[in-house]
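Each chain, letter by letter, is given below.
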Amino acid sequence: MDPECSQLLPALCSVLADPRQPVADDTCLEKLLDWFKTITEAGSSLLLLQENPCLLGLLCHVLKPQDLSPRVLAFSLRLAGMLAAQEDCFQYLQGDSSLFVASAAGQLLVHILGLSLQGAAEGHPGLQTGDWPVCAQKIVSHIEESLRSAATPQITQALNVLTTTFGHCHNPWTQVLWVRLSPLVACLLEKDPVPAAHSLVDLLLSVARSSVLSSSSCGLWETLAQTLSHLSPTQAGPLALGILKLQECPQALRAQAFAVLLQPLTCVLEATAQAPGLLDSLDGTGGASVTVDTLLPSKAACVGLLCRTLAHLELLQPLPQRPSPWPQAPLLGATVTILRLCSGLATPTSDAGGHLCAFLVGCVRVQRAALDFLGTLSQGTGPRELVTRVFAVLLEYLTSPDSSPTVLKKAFQATFRWLQSSPETPGCSDLDPHAQLFLRELLPVLPKRLCSPCWEVRDSGLEFLTQMIGHWGGQAGFRRALLASEVPELTEQLLRDPESYVRASAVAAMGQLSSQGLRVTPASPEHPGGRQKSLLAELLRILSTDSEGFPRRAVMHVFTQWLRDGHADVAGDTERFVARVLQVASQDLDWEVRAQGLELALVFLEQTLGRPSSHCPYAVTPPVAAPPSPLAQALRPLCRVQLFEFAFRALFDCDRPVAQKSCDLLLFLRAQTASYSGPQGSGSVPEVASVEAALQRWQAGDQGQPLGYLEPEVVVAVLRSMDLEGLRGVLAESSDRVEKSPQSLLQDMLATVGALGEDEADCY
Amino acid sequence: MPEIRVTPLGAGQDVGRSCILVSIGGKNVMLDCGMHMGFNDDRRFPDFSYITRNGRLTDFLDCVIISHFHLDHCGALPYFSEMVGYDGPIYMTHPTQAICPILLEDYRKIAVDKKGEANFFTSQMIKDCMKKVVAVHLHQTVQVDDELEIKAYYAGHVLGAAMFQIKVGSESVVYTGDYNMTPDRHLGAAWIDKCRPNLLITESTYATTIRDSKRCRERDFLKKVHEAVERGGKVLIPVFALGRAQELCILLETFWERMNLKAPIYFSTGLTEKANHYYKLFITWTNQKIRKTFVQRNMFEFKHIKAFDRAFADNPGPMVVFATPGMLHAGQSLQIFRKWAGNEKNMVIMPGYCVQGTVGHKILSGQRKLEMEGRQVLEVKMQVEYMSFSAHADAKGIMQLVGQAEPESVLLVHGEAKKMEFLKQKIEQEFRVSCYMPANGETVTLPTSPSIPVGISLGLLKREMAQGLLPDAKKPRLLHGTLIMKDSNFRLVSSEQALKELGLAEHQLRFTCRVHLHDPRKEQETAVRVYSHLKSVLKEHCVQHLPDGSVTVESILIQAAAHSEDPGTKVLLVSWTYQDEELGSHLTSLLKKGLPQAAS
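This one's a predicted model, so the numbers in the text were calculated from it and none came from an experiment.

Digging into the overall build of chain B
So, step 1. Regarding its fold elements, chain B presents 18 helices and 30 strands.
So, step 2. Computed over its C-alpha atoms, the radius of gyration of chain B comes to 37 Å, more than 25% above the 25 Å expected for a compact globule of 600 residues.
So, step 3. Principal-axis analysis of the C-alpha atoms places the extent of chain B at approximately 125 × 50 × 50 Å.
So, step 4. Looking at chain B as a whole, 57% of its 600 residues are labelled buried.
So, step 5. The contacts in chain B between residues at least 6 apart in sequence include a share of 70% that link residues at least 24 apart.
So, step 6. When the accessible surface of chain B is split by element, carbon and sulfur atoms take 52% of a total near 26100 Å².
So, step 7. Side chains of chain B give 72 positive and 67 negative charges; the mean places of these two sets differ by 6 Å.

Below is the structure:
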């Protein structure tokens, strides 16, 4: 602890011990604990106490009965616990009405158990619980008592303590503990309903994952199998998933677990009278199938179980240890069927199917879960006929006026994933005819979505479009279909959407369209009289006039990309373009726009100084690579676009990320110029001095006079005279450095004493 | 027994961040998802792991409801939906949905400024989160699913703030969020109908305070600003983008107009236009006066307040500047503060709460030498003032709302324990309802009596109607019938129909009782005495003396017999049917009093 803090501490302790002095901010005590924690972790707690007797004084003082605020009491207890953790163990307090306290008490028990057995049982793995230290025995019998209890909260507590124990401790004694307690745990399964099922599942999985418990000897697999069959389908799902995620596990148990997960989907297929062949492969057990009536008896049960099942399977699908063979086709079939039931497209042929239909029709929750899973299933292949059904159902969702905005977003995402996974036609790197056919049907749907009254839908439509162009913009089939649709025109109209998020997405989409040459009638700045206004001009308008930050940020991203790619609108007169963009960006009120301006400046700088841009491996046109030239000549374009004025101003920006970025840019530039061996220090001295003076004024917060055109020599001289490294050091210090310092915390807490009025706990 | 369970993860005996879990009728709802501005690590967010341990949040929660756009109520939302993975519906009002992203972006900027992008939500996440929002109108009943419905009520406080009623079947909870029971310059007062919820969860920030009249505070504020400007000083008012800032702008604008003041007023970072846009868009959410005069003059189009440019800070002469952020912890407000702090003619007015560590907090607690970056020390000579303009209901307002909604019980959140304790007693005394104040992580469980719908058979109703009494909602009547529970349906039918439907035979149940009478006469004579006594007492009933010597009153049978041991005592055997149970008991007690002495 530094001496300043040591001096402040006694005064603070006496404030805390005084019940008449309220503590202002509820975060202060937390932060104080954080600080003590770093001190105790770094050294000895005992030393801390010896050097600061005021702490011990505080702890002794709070033990006296008095009207102390619970906050200070809690703080003192936690502090005491923290200090004592190194030397001794603690009494446990469980069953508190607060979740937080109960959970902390549980964790404390685990630590004490671990601590007490550290020496004793480690050397003798055969030591039975009867020979354990008294403290550990006490804890074990407490857990046993709780497990025998009729009250579910008590059982839950005991199970949670055990889960944490087996999760954290991997010593041989945990096996002894499990052998002793597992009969009691198994007893829980005999109760109907099984109490604290969720915690029981957590415990069993925690045991199964433990490296110490070689499960064959402990009867663990039997318990797991038993639990799978005892729990309700909803409760068994997480257990089944957990079992399938285990690295090592008997095949029979895995099969059982997978069957549990698949059961609801089997039920759906059965109720909708799907081909029996599919059923056999889905229901791995081949046993008696469960009917809709028992597994999915009510709407709430049906919706809940299907959502969970789909989510579990979604998590399982990408894992290497997923069951093999993976029933891709039946899963696809079931998911498509569920989606069709939800949208009311499936015509049920049986009573059970009718029930399902009534439960699921219009159910957004199931639709979302099924679309997510469908998207994940695109990672595998499926029979042609099924893939056709997948595209058909996706198209139905994208077309249907009943699809909610969140469902549509997921439908777009799933569609993109399926298109991505569809095989490319060999040789021509184009979409396969199948997907092409789908695209031809999809593109007429998109305009409807782009005209939706919901901004969420318009935005998701544009995001989807941008992804599509990014992926297939170069492919003939896609280009033809897109150009034949109204999509490009509508996208352009959305640049003036009332919702700023949509304008931003439209900017991104238009940027892509234009980059790929997919704008309907491309017009260039040379033909301003053309029917269409130049996109560059339109984007510049947005950059300088849009009242919201998102569209302006999007424009800067597009411009930066255009500059990297050598986009035609930019390549014509790059200097003029960069100068205009930097001029507008420097005035922007949004820090991200200014930061992006520096990004654009960096790209221009790299291109001008002849260093190939490292950011753009896909550049269509190579960057304007200038041959090495004398320094002054190389810097002249940068001076003409007033890049330095922009960067110097940004260096003293009130938003730190902008200043940091500018500092990095100038350092990079100085490094670049250092390698040139041009004439140095040739800038006229008075000019350099005046620039330096201006910069000093800027640093002091004065934003007055612009610098005007600077000669390259002046720039180089200024760059070399500036302490950029020093500035970078200051900027690298996070702006809350002072805020976070313990000294500031102690000062603040002391300063607040007595300064509090009646309404001290204010808020917004 | 059905119950309502409430567990605050935040706002339980504190004002840090609101996040309250409610279980009602088997549905789980999260009320607000706030962030604590005082922490810079994960503690700023509620600890969601307590909700489900390892389970999926989407499966556990049926919906999330956000009361208003302040970060201590919505700041953790993108983290919750995009990083923790909640994928279900989120409900808020239209203005809240529109304004939330602005404040979240503002906060993101500060977070990035401090620590870089690491482990914090991105702009894309904020947008994706907002796309999951279902925006609701005031007083519109929104069906979350078949059973759960919610409804928003006007809360004042800030633009778009709402109270929410959450209803499952006949059980309901009302959550107030933050609210204000008195109208201010741009918003109206909170209002709710007499919805009689099982539970009212109310904020209690000013639980013990009757706030001094608003006018006083406003006059004070104007006086201070005026004095500073008159002596040629510059006034800095650090604010958050939207909310109180607009209230103060209207206040200053009106004052400047009235006093014909010339000193410029500036509002930083383009927020005036933005705010203007939102207030225009949601004009129906403002108060009556603003709505009325809107056509002639938009109150948010200020004549005296202009957009601020960084260069203006150095201009000579007096000025007033509203700058963000509100706690002087970064950005423009801090930059201006550093520039002006050294001059005692200048003044900074903090219109709201500042968390520990911020420059705002330091100067409010009286610190005058501040360490800045690079070990520089900034000496604060300017005048520092604090004026709370946060719009919460005071103790009177809270009592008023409880009176308005007439809840069965009340639960206090968003306040300090000590003050809650006081208000709790007051509420319990005045309204005779239970009042709870759980700490964070503590669960309050309220048993509820469910109303179970029962179908009634037409026959039974017709029979009841045949008695000539028309149903009257104000006069409940007793109606006898048999309740049949079948296929989880309840039906009330006549006993005959029940027997028929269930295929059961009827059994007669008779009650019997022995009454000992001191009477040496013969049994027959005793019977006659009983007969004449009852005949005279029970004039409205049919009393008969049967030939076999027994006496009947309606279905009640009385027989006299000799006592086996005591010849001076007679035993009366009284028996009656279940239907005449009342009369039977009455008669027995009559006989137990003995017979009057014979007139003879």
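Re the domain arrangement of chain A
So, step 1. Per the domain assignment, the segments making up chain A are domain 1 (232–380), domain 2 (398–423 + 430–520) and domain 3 (558–610 + 630–674 + 686–722).
So, step 2. Its C-alpha centre places domain 2 of chain A at a distance of 37 Å from the equivalent point of domain 3 of chain A.

So, the interface of chain B and chain A
When the parts of a complex come together, some accessible area is lost, and that lost area is often taken as the interface size.
So, step 1. With 93 residues of chain B at the contact, the number on the chain A side is 74 residues.
So, step 2. Roughly 7100 Å² is buried in total at the junction of chain B and chain A, and carbon and sulfur atoms are behind 46% of that figure.
So, step 3. When residues of chain B are sorted by the area they lose upon contact with chain A, Lys-131, Arg-310 and Gln-356 of chain B head the list and together hold 11% of the total.
So, step 4. Note that Asp-34 of chain A is salt-bridged to Arg-43 of chain B, the shortest N-O span being 2.1 Å.
So, step 5. Our enumeration of links across chain B and chain A arrives at 25 residue pairs in polar contact (both at pLDDT 80 or more).
So, step 6. Elements with a minimum of two residues in the side of chain B that touches chain A: β1 (3–10), α1 (49–52), α2 (57–60), α5 (94–115), α6 (123–131), α9 (271–281), α11 (331–340) and α12 (359–364) of chain B.
So, step 7. At nine residues, the largest contribution of residues to the side of chain B that touches chain A is made by α5 of chain B.
So, step 8. Along the lines of polarity and charge, the residues of the side of chain B that touches chain A split into 21 nonpolar, 39 polar and 33 charged.

Side note on helix α14 (residues 251–271) of chain A
So, step 1. Spanning 21 residues, α14 of chain A covers 29 Å between terminal C-alpha atoms, matching the ideal 30 Å at 1.5 Å per step.
So, step 2. A large share of α14 of chain A lies buried, amounting to 15 of its 21 residues.

Quick notes on the side chain of Arg-553 of chain A
So, step 1. For Arg-553 of chain A, the position within the fold is in helix α30 (residues 549–565).
So, step 2. Separated by 3.4 Å, the side chains of Arg-553 of chain A and Glu-592 of chain A make a polar contact.
So, step 3. One polar contact links Arg-553 of chain A to Ser-123 of chain B, side chain to side chain, over a distance of 3.1 Å.
So, step 4. Excluding residues that lie within four positions of it along the chain, Arg-553 of chain A makes contacts with Asp-590, Glu-592 and Val-593 of chain A together with Glu-105, Arg-108 and Ser-123 of chain B.

Here we look at the sheet that holds strand β20 (residues 409–413) of chain B
Think of a sheet as strands paired side by side through backbone hydrogen bonds, with each pair either parallel or antiparallel.
Residues and elements named next belong to chain B.
So, step 1. Strands sit in the order β7-β8-β9-β10-β11-β20-β21 across an open sheet of seven strands; the sheet is mixed. Edge positions in the sheet fall to β7 (141–143) and β21 (434–436), since each has one partner strand and no second. The average angle at which neighbouring strand axes cross in this sheet is 20°, direction not considered.
So, step 2. Relative to strand β9 (residues 162–168), strand β8 (residues 148–154) runs antiparallel, the two being bridged by seven bridges. Bridge pairing in β9 links Tyr-154 to Ala-162.
So, step 3. Sheet strands in contact with helix α13 (residues 395–405) are β9, β11 (199–203) and β20, and its direction is about 160° off that of β11.
So, step 4. Packing of helix α14 (residues 417–431) onto the sheet brings it into contact with β20 and β21, and relative to β20 it is tilted by some 165°.

A closer look at unusual backbone geometry
So, step 1. The amide bond that connects Ser-324 of chain A to the next residue, Pro-325 of chain A, takes the cis arrangement and shows omega of 0°.
So, step 2. The omega torsion across Thr-324 of chain B and Pro-325 of chain B is -5°, close enough to zero to call that bond cis.
So, step 3. Tracing the chain through its elements places Pro-325 of chain B in the loop between β15 (319–323) and α11.
So, step 4. Phi at His-157 of chain B takes a positive value of approximately 60°, unusual for a residue other than glycine.
So, step 5. Note on placement: His-157 of chain B falls in the loop between β8 and β9.
So, step 6. Overall, the relative accessible area of 2% leaves His-157 of chain B in the buried class.
So, step 7. Phi is positive for Leu-328 of chain B, close to 55°, though the residue is something other than glycine.
So, step 8. Here Leu-328 of chain B lies in the loop between β15 and α11.
So, step 9. The class for Leu-328 of chain B is buried, based on a relative accessible area of 0%.

Things to note about the nonpolar core
So, step 1. Core analysis: the biggest nonpolar cluster contains 349 residues, and Phe-559 of chain A together with Phe-221 and Phe-337 of chain B have the highest contact counts within it.
So, step 2. Examining the composition of this core, we find that 11 residues originate from one element, α14 of chain A, more than from any other.

Overview of the domain arrangement of chain B
So, step 1. Taken domain by domain, chain B comprises domain 1 (3–210 + 391–444), domain 2 (214–386), domain 3 (454–502) and domain 4 (510–593).
So, step 2. One C-alpha centre belongs to domain 3 of chain B, the other to domain 4 of chain B, and the line joining them spans 35 Å.

Overview of the pattern of salt bridges
Two side chains carrying opposite charge are able to pair once their charged atoms lie near each other.
So, step 1. Counted by the stated rule, this structure contains 53 salt bridges over all chains.
So, step 2. Of the charged contacts, one joins Asp-655 of chain A and Arg-594 of chain A as a salt bridge, the two residues approaching to 2.9 Å between their closest N and O atoms. Residue Asp-655 of chain A is located in the loop between α35 (643–651) and α36 (656–675), and its partner Arg-594 of chain A is located in helix α33 (residues 591–608); the two are separated by 61 residues in the primary sequence.
So, step 3. Exposure remark for Arg-594 of chain A: the relative accessible area of 6% places this residue in the buried category.
So, step 4. What you see here is one network of salt bridges that share partners, running through Glu-30, Asp-34 and Arg-78 of chain A together with Asp-41 and Arg-43 of chain B.

Brief notes about the packing of helix α20 (residues 364–377) of chain A against helix α21 (residues 384–399) of chain A
Residues and elements named next belong to chain A.
So, step 1. Two elements in contact, α20 and α21, have axes separated by 12 Å at closest approach and are oriented at 140°. Here α21 runs oblique to α20, going by the angle between their axes. The way α20 lies across α21 gives a crossing that is left-handed. Residue-level contacts link Gln-367, Leu-371 and Leu-374 of α20 to Val-390, Val-393, Leu-394 and Tyr-397 of α21.
So, step 2. Its residues assigned to classes, the contact of α20 with α21 shows six nonpolar, one polar and no charged.

Quick word on the environment of Asp-432 of chain A
So, step 1. Inspection of the secondary structure puts Asp-432 of chain A in the loop between β2 (430–431) and α23 (433–442).
So, step 2. Put simply, Asp-432 of chain A and Val-194 of chain A are 238 residues apart on the chain and 53 Å apart in space, counted from C-alpha to C-alpha.

So, the state of the cysteines
So, step 1. Under the defined criterion, the tally for this structure stands at zero disulfides over all chains.
So, step 2. Free cysteine Cys-435 of chain B: the closest other cysteine sulfur is in Cys-195 of chain B, separated by 16 Å.

Examining the packing of aromatic side chains
So, step 1. Summed over the entire model, instances satisfying the criterion amount to 29 aromatic pairs over all chains.
So, step 2. Linked through ring pairs, Phe-45, Phe-48, Tyr-79, Phe-80, Tyr-86, Tyr-107, Phe-120 and Phe-121 of chain B together constitute an aromatic cluster.

A look at the environment of Val-454 of chain B
Residue and element names in this part refer to chain B.
So, step 1. When you line up the elements, Val-454 lands in the loop between β22 (444–447) and β23 (455–456).
So, step 2. Judged by relative accessible area, which is 42%, Val-454 ranks as partly exposed.
So, step 3. Note: C-alpha distance between Val-454 and Ser-585 (131 residues apart in sequence) is 32 Å.
So, step 4. Beyond its immediate stretch of four places on either side in the chain, Val-454 contacts Leu-483, Phe-490, Arg-491 and Leu-492.

Re the sheet that holds strand β5 (residues 90–93) of chain B
Residues and elements named next belong to chain B.
So, step 1. As summarised here, the arrangement of the seven strands in space is β6-β5-β4-β3-β2-β1-β22, forming an open sheet in which the pairing is mixed. Edge positions in the sheet fall to β6 (133–136) and β22, since each of these pairs with one other strand and no more. The mean inter-strand angle of the sheet, taken between neighbouring strand axes irrespective of direction, is 25°.
So, step 2. With three bridges joining them, strand β3 (residues 27–31) and strand β4 (residues 63–65) adopt parallel strand pairing. By the bridge assignment for β4, Met-30 is matched with Val-64.

Conventions adopted
Residues numbered from 1 in each chain as written. Chains lettered and ligands numbered in written order. Predicted model: local features only at pLDDT ≥ 70, side-chain atom pairs only at ≥ 80, totals over all residues. Heavy atoms only, no water. Helix = DSSP H or I, 4+ residues; strand = E, 2+ residues; numbered from the N terminus. Rg over C-alpha atoms; globule rule 2.2 N^0.38 Å. Buried < 20%, exposed > 50% of the residue type's maximum accessible area, 1.4 Å probe, protein only. Contact = heavy atoms within 4.5 Å. Areas by Shrake-Rupley, 256 points an atom, 1.4 Å probe, with all protein chains shown as cover. Lys, Arg positive; Asp, Glu negative; His and termini not counted. Charge placed at Lys NZ, Arg CZ, Asp CG, Glu CD. Domains from an automatic or database assignment. Buried area = accessible area lost by both parts, 1.4 Å probe. Salt bridge = Lys/Arg side-chain N within 4 Å of Asp/Glu carboxyl O. Polar contact = N/O pair within 3.5 Å; in protein donor to acceptor, adjacent residues only side chain to side chain. Nonpolar A, V, L, I, M, F, W, Y, C, P; charged D, E, K, R; others polar. Expected span 1.5 Å × (residues − 1). Pairing = 2+ DSSP bridges. Axes fitted to C-alpha atoms, helices over the stretch in contact; angles between N-to-C directions. Core = buried A, V, L, I, M, F, W, Y, C linked by side-chain atoms within 4.5 Å. Parallel < 35°, antiparallel > 145°, perpendicular 65-115°, else oblique. Left-handed = near helix turned anticlockwise from the far one by under 90°. Disulfide = S-S within 2.5 Å. Phe/Tyr/Trp six-rings, centres within 6.5 Å; stacked < 30°, edge-to-face > 60°.

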